[in-house]
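Architecture and fold: a report
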Amino acid sequence: MMMKKTILSFFISLTFLFSFNATAIELNFAQGGGSQGQMTMELTAEWEKKTGHKVNFLEMPASTSDQYVQYKTWLSAQNSDVDIYKVDNVWAGEFGTQLIDLKPYLDEQLEIMPNVLSAYTTAKGEIIGLPYSVGIPMLYYRTDLLEKYNRDVPETWDEMTATAQFIQDKERAAGNDKMWGFVWQGNAYEGLTCDALEWVASHGGGMIVEKDGTISINNPNAAAALDMAAKWVGTISPEGVIGYKEEDARGIWDQGNAVFMRNWPYAWSLSNKDESSVKGKFDVVELPRGPNGKSTSTMGGWGYAVSKYSEKQEVAVDLVKFLSNRDAQHATIAEYSMPPVYIEIYDNKEHAETYSLLPLLKGPSQALLPRPSAQTSGKWPQVTVAFYTAAHEVITGKKDGTTAVAELEAALKKIKGKGW
Amino acid sequence: MKSVSQIRKRTALIFLIPVTLVLLSSALYPLISTLYLSLTDAELENFLNPNYVGFINYIENYEGMWYGVLADSLFWNSVRNTLVFSIFSVSLEVILGISFALIMLIENKLKWFVRAAVLIPWAIPTIVSARMFEWMLQDQFGIFNYMLIGMGILEQGKAWTTDPQTSMIVIIIIDAWKTSPFVAILVYAGLKALPNEVLEAGKVDGTNGITQFYYIIFPLILPAIAVAIVFRGLDALRVFDLIYLINAGSKDIMSMTVYARREMFEYSHFGFGAAASTMLTLIIGVIAVIFIQRTRLHKLDEME
Amino acid sequence: MKNRSKEDEVADININTVNKYFGDVHVIKDVSLDIKSQSFTVLVGPSGCGKSTMLRMIAGLEDINSGTISIDGQVVNDLPPKQRNIAMVFQSYALYPHMTVFDNMAFGLKLEKRSKDEINERVNEAARILQIEDYLQRKPKQLSGGQRQRVAIGRAITRKPKVFLFDEPLSNLDAALRVQMRVELAKLHNELEATMIYVTHDQTEAMTLADDIVVLDTGIVSQKGSPLELYDKPNNMFVGGFIGSPKMNFISSKILSKSSDATEVDIMGMSKISVPKMSASSSEGDSVSLGIRPEHLVVNGDSDGSWESKVFVVEKLGDVTYLYLEKEGEPLVAETEGHSEIKVGDTVKVGFPSGRCQLFDSSGQAFK
């Protein structure tokens, strides 16, 4: 019995010894899982080795809206247990007041692409997050089909619609009755806000709420843009598109049953896998434009932010800078195929060998438009719901574009209330 | 010297104290704090230190426009959705539940299999069955559309769960599938408790399957059915997970709880969301009281 | 004899070589019975003898494995209860708890789709006969046991069936009520002049109510006859021991000698008695059982055979006293006057009148 007690106390003191590294700081990092989460963990491991500090990853639910809710709960409770949050670029504006200004600490990060960094900059000029990837939606198209039917790569929405209809009809006549012209994201969720913003902005219909806070959505260009999308449903897009998110659209594309797809860059490497039916048969181009506008891609992407309530802010900032500097980008770009945030990396020939999409992204990266979350500050969640609900009502045929944008303007006014 | 019954009463009260404390703290406290929150302007920034604003969250007139939960057409829309959902799904569940219970009564070699099959939908967690149905009803790859197209009824796959016209029907069907077993078990217990000789007397008097059910069995299992309706009705009025999982953003199926949650947690309108929660509690409470009143009155007549 | 319309006619029942199995258990073994119309027939026997099963087979609530049952000349094996034109009164009354007394009695008629007037007439008449007119609007749970019993009978009466079936209807009533109801049932039988088949385990009910008693013993008919026939001339030990209360005494004995019209047996070594009964298959030296009812033993008096023993229990009932005498095996029970002075410990002599003695061979069959 004495022997057991001695051994036990020996092991207990050992554990105390190991957990008591007085100089090592422990950070808590909240992020979603998946391959991007994986990437962050790998980079962080390097940093841990370098600095001797330790990082605990708090894995969040897969749904980004669930992550959003959790972050909000923590921040509103001024939770000091979480030091670093991985944030969607849209949330930056909303959480701004709860995150610290990183500007004083930054060096090379100040050279991140300005339109990307602007999404993480508040109206007062504080930089409250550091992006590590940017989401650049594009038009994916089937090179083999366009060649077969001798069609050009479309530049306008009308051209895209016509080509899609033409090829779909011909393919179906030839016996391939599962072929569709164009797949995109039409479910009533944030993704539809992204797609619809592209239609509206590329028609010259504005960006729902302009930078100065004006509600600009009620105009004929915007109405025309929504009506155009409504016409796709059931003709070049399956009726079910009103329920599609990114993976649903990609599923159809992957089986070889779509001529065009609107999607994020992540689909590029997945569609080139051996199991995909479209491997080697497709390419990407910037999204089409409407008659009165320019090509627009709604900006996506994620970044890192440090909580105002963290008690280890200095160490946290160090990690966040590490994760978003050029070295980190170079280290992970090949394996994780994410569009980088430093403009010169797009020209990097070495990376282009493994990440073939890289050079093609440069053009579209200039057409990036962030969602108006900064100007609507805390009310973006309501604004996006109002917008995607209105868009959904148009594409499901419940309202026409003109009625929808007029009613949307009224709804937004009510949300704005006494001010953004 | 205290009498035995006095001592017993005291002991009983003492035993009740821990339970009451737990109930008060876990149920009463959140209820009261929500009520309080609904009277403040709590948002993300001032959550820990909100200001008292009276009934503004419930109803307010500012510059000619009405604000507040009671003025929000989306709120009333969700109330309507919840009521439609509750009425139809509970009705469907009662019919299915009674049918299953009658099937479960049949004595044959397959009895154990039938009973397991009837209970399985209820045992499956909501998220699993919701995803299951989502996949079955998916417009391009779902088996349901595949069969309908194969039979020539549809030309293209239909997006059953997101189409505004069909999403409510789909939700009702999934919920009925999931919870009929619960009704079936309650009704089955009621059926088993039926005195066999009464049924035999019925046979002697000349009942066949249908008249036996209508005149004898159904009136006697009405108490069990009433219990099932109360339970299922309250559950249905509170429905959240199924609707949230199938389509959290859709206006056509949004229930009161999904609405309240969105206000609270997605918009950070804690005060407003608390007011919405209070309203939904009130609505459910009123319906519950009315219903229990009616069924108890019904029971009093029989129990006497 | 009442004037009967066609509907009021009651029927004969013929049971022909009927067998019934519950799984592997053979509960009714080749039973054949004829029940005359308008008779009150009681099926009696201990628990498990098959009497309720028999009744339920007649009713149509149990299937028949082989053999036929005919009611009024028509084979009813495959007919459901309704089509056999029978009515049944259950042991637990089986009233419809959610219906009023009126509705309970009217239910069968309602299913037959009879007119409201006719239903009213029949129910009211039945209520009058059973004196339950005041309860017509009450529900069963508001009635006492006896009242419920009457409603159950009333429900049978309104149907004007060809046969009334009673399944131990009085078992759930207290003693006084049971006596009262017995009288009522007898009256009912006289008034309706209907065929009634009545199942009970109580031999007193059987003796008092029946025109014919059928004693069942584990699935076979032990004996069928009028109450007095069974009392005076039991065919076997089972019937002898079943009918009559207290039970017939059985004494192990031996044949000492036979003659053409009598058999001499010994009484526990104390005396011998010559009983005027014969059995062709038995011979001297065979073991037999001597049966004598307590009420026939002569206490402390003279008779044909006698025996002595000590009293160890005295039961005083007021009109009679029962003495329990020590003997090998079961005690001998003798009946004597109510105010007898005999007490425990006394030695008592009992006399056996030979005319009242029964003899049973080793297989239980009676000597005739």
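Residues numbered from 1 in each chain as written. Chains lettered and ligands numbered in written order. Predicted model: local features only at pLDDT ≥ 70, side-chain atom pairs only at ≥ 80, totals over all residues. Heavy atoms only, no water.

Some remarks on the overall build of chain A
For clarity, the threshold we go by: Counting from the N terminus, the helices are the DSSP runs of H or I reaching at least four residues and the strands are the DSSP runs of E reaching at least two. Atoms counted for the radius of gyration: C-alpha only. Globule rule: 2.2 Å times the number of residues to the power 0.38. Note on classification: 1.4 Å probe, protein chains only; a residue is buried when its accessible area is under 20% of the maximum for its type, exposed when over 50%, partly exposed between these limits. We get accessible surface area from the Shrake-Rupley algorithm with a probe of 1.4 Å; when it comes to residues, only the shown protein chains can shield them.
Helix and strand counts for chain A come out as 18 helices and 11 strands. The C-alpha atoms of chain A give a radius of gyration of 24 Å, which matches the 22 Å a tight globule of 420 residues would have. If one aligns the C-alpha atoms of chain A with their principal axes, the spans along those axes are about 85 × 55 × 45 Å. Counting all 420 residues of chain A, 55% fall into the buried class. Accessible surface, chain A as shown: approximately 17400 Å² in total, 54% of it carbon and sulfur.

Thoughts on the sheet that holds strand S13 (residues 271–275) of chain C
Pairing between the strands of a sheet is mediated by backbone hydrogen bonds and can be parallel or antiparallel. All names here are of chain C. Operational definition: At least two DSSP bridges between two strands are required for those strands to pair. Angles run from 0 to 180 degrees between N-to-C directions of axes, and those axes are lines fitted to C-alpha atoms, restricted for helices to the stretch in contact.
With antiparallel pairing, five strands are arranged side by side in an open sheet as S13-S12-S11-S14-S20. Both edges of this open sheet fall to S13 and strand S20 (358–360), since each of them pairs with a single strand only. Neighbour-to-neighbour, the strand axes of the sheet open up by a mean angle of 40 degrees, direction not taken into account. With three bridges connecting them, strand S11 (residues 249–258) and strand S12 (residues 263–267) associate as antiparallel partners. Opposite Lys258, over in S12, you have Thr263 as the bridge partner.

Focus: the environment of Val94(B)
Residues and elements named next belong to chain B. As a reminder, the rule being used: Two residues form a contact once any of their heavy atoms are found within 4.5 Å.
In this fold, Val94 is placed in helix H2 (residues 73–105). Judged by its relative accessible area of 14%, Val94 falls in the buried class. Along the primary structure Val94 and Ala226 are separated by 132 residues, whereas in three dimensions their C-alpha atoms are 9.7 Å apart. When sequence neighbours within four positions are dropped, the list of residues in contact with Val94 reads Val183, Ile225 and Ile229.

Side note on the domain arrangement of chain A
Residue and element names in this part refer to chain A. Selection rule: Domain start and end points were adopted from an automatic or database domain assignment. Accessible area that two parts lose when put together, evaluated with a 1.4 Å probe and summed over both, is termed the buried area. Criterion for a salt bridge: a side-chain nitrogen of Lys or Arg within 4 Å of a carboxyl oxygen of Asp or Glu. Nitrogen and oxygen atoms within 3.5 Å of one another constitute a polar contact, given that in protein one can donate a hydrogen and the other can accept it, and given that sequence-neighbouring residues count only through two side-chain atoms. Residues are grouped as follows: nonpolar covers Ala, Val, Leu, Ile, Met, Phe, Trp, Tyr, Cys and Pro; charged covers Asp, Glu, Lys and Arg; every other residue, Gly included, is treated as polar.
By the assigned domains, chain A splits into domain 1 (27–131 + 300–367) and domain 2 (138–298 + 370–416). Once you take the C-alpha centre of each, domain 1 and domain 2 turn out to be 27 Å apart. Counting residues at the interface gives 19 residues for domain 1 and 21 residues for domain 2. Across the domain 1 to domain 2 interface the summed buried area is about 1500 Å²; carbon plus sulfur atoms make up 63%. For the interface between domain 1 and domain 2, the tally reads zero salt bridges. Joining domain 1 to domain 2, the criterion identifies four residue pairs in polar contact (both at pLDDT 80 or more). Of all the secondary-structure elements, those providing two or more residues to the side of domain 1 that touches domain 2 are helix H3 (64–76), helix H4 (89–95) and helix H15 (358–365). Across the side of domain 1 that touches domain 2, the residue classes break down as 10 nonpolar, six polar and three charged.

Brief notes about the interface of chain B and chain A
Contact residues are listed per partner, giving 33 residues for chain B and 40 residues for chain A. Of the roughly 2900 Å² buried between chain B and chain A on both sides combined, carbon and sulfur atoms contribute 55%. Per-residue buried area on chain B facing chain A is highest for Leu44(B), Gln156(B) and Tyr267(B); these three make up 19% of the total on that side. On the surface where chain B and chain A come into contact, there are three salt bridges. Scanning the region where chain B abuts chain A turns up 12 residue pairs in polar contact (both at pLDDT 80 or more). Among the elements that make up the side of chain B that touches chain A, the one with the highest residue count is helix H10 (residues 256–266) of chain B (four residues).

Some remarks on the interface of chain B and chain C
Chain B puts 19 residues into the contact, and the matching count from chain C is 25 residues. Between chain B and chain C lies a buried interface of about 1800 Å² when both sides are counted; carbon and sulfur atoms form 62% of it. A per-residue breakdown of the area chain B buries against chain C is headed by Glu197(B), Val204(B) and Asp205(B), which together make up 37% of the total. Here chain B and chain C share two salt bridges between them. Those elements that provide at least two residues to the side of chain B that touches chain C are helix H7 (196–205), helix H8 (209–237) and helix H11 (270–303) of chain B. When residues of the side of chain B that touches chain C are assigned to their parent elements, the largest contribution, eight residues, is made by H7(B).

A few points about the environment of Asp66(A)
By the secondary structure assignment, Asp66(A) is in helix H3. Separated by 133 residues in sequence, Asp66(A) and Trp199(A) have C-alpha atoms that sit 27 Å apart. Those residues in contact with Asp66(A), other than ones at most four positions away along the chain, are Pro61(A), Tyr244(B) and Arg261(B). Separated by 2.7 Å, the side chains of Asp66(A) and Tyr244(B) make a polar contact.

Structural notes on the nonpolar core
Worth spelling out the cut-off: For this analysis, a nonpolar core means a set of buried residues of the types Ala, Val, Leu, Ile, Met, Phe, Trp, Tyr and Cys, connected via side-chain atoms within 4.5 Å.
Grouped together as the largest cluster of nonpolar side chains are 134 residues, with contacts concentrated most on Trp199(A), Ile217(A) and Trp232(A). Per element, the largest residue contribution to this core is 10 residues, and it comes from helix H17 (residues 380–395) of chain A. The residues that make up this core include at least three from each of domain 1 (27–131 + 300–367) and domain 2 (138–298 + 370–416) of chain A. When neighbours within four sequence positions are excluded, Trp199(A) is seen to be in contact with Trp157(A), Trp184(A), Leu192(A), Ala225(A), Leu226(A), Met228(A), Ala229(A), Trp232(A) and Ile395(A). Counting 95 residues, the second largest nonpolar core, distinct from the first, contains Ile171(B), Ile174(B), Ala228(B) and Ala59(C).

Let's talk about the pairing of strand S1 (residues 13–22) of chain C
Residues and elements named next belong to chain C. In this structure, S1 lies alongside strand S2 (residues 25–35), joined through seven bridges in antiparallel fashion. By the bridge assignment for S2, Ile13 is matched with Ile35. Joining the antiparallel neighbours S1 and S2 is a turn of two residues, in which Gly23 adopts a positive phi near 65 degrees.

Overview of the arrangement of the chains
Sorting the two pairs of chains in contact by contact count puts chains A and B at the top. For chain A and chain C, which are not in contact, the least C-alpha distance works out to 52 Å.

Overview of unusual backbone geometry
The step from Ser245(C) to Pro246(C) runs through a cis peptide bond, and the omega angle for that step is 0 degrees. Positive phi, close to 55 degrees, is recorded for Asn150(A), a residue that is not glycine. Mapped onto the elements of the fold, Asn150(A) is located in the loop between helix H6 (143–148) and helix H7 (157–173). Taking relative accessible area as the criterion, Asn150(A) reaches 70% and is therefore assigned exposed.

Observations concerning the sheet that holds strand S7 (residues 258–263) of chain A
All names here are of chain A. Taken in spatial order, the four strands of this open sheet run S6-S7-S5-S8, and their pairing is mixed. In this open sheet, the two edge strands, each paired with only one partner strand, are strand S6 (180–183) and strand S8 (282–285). Strand-to-strand twist across the sheet, computed as the mean angle between neighbouring axes with direction ignored, equals 15 degrees. As judged from the three bridges shared by S6 and S7, these two strands associate in the parallel manner. The residue bridging Phe182 from the neighbouring strand is Phe260, located in S7.

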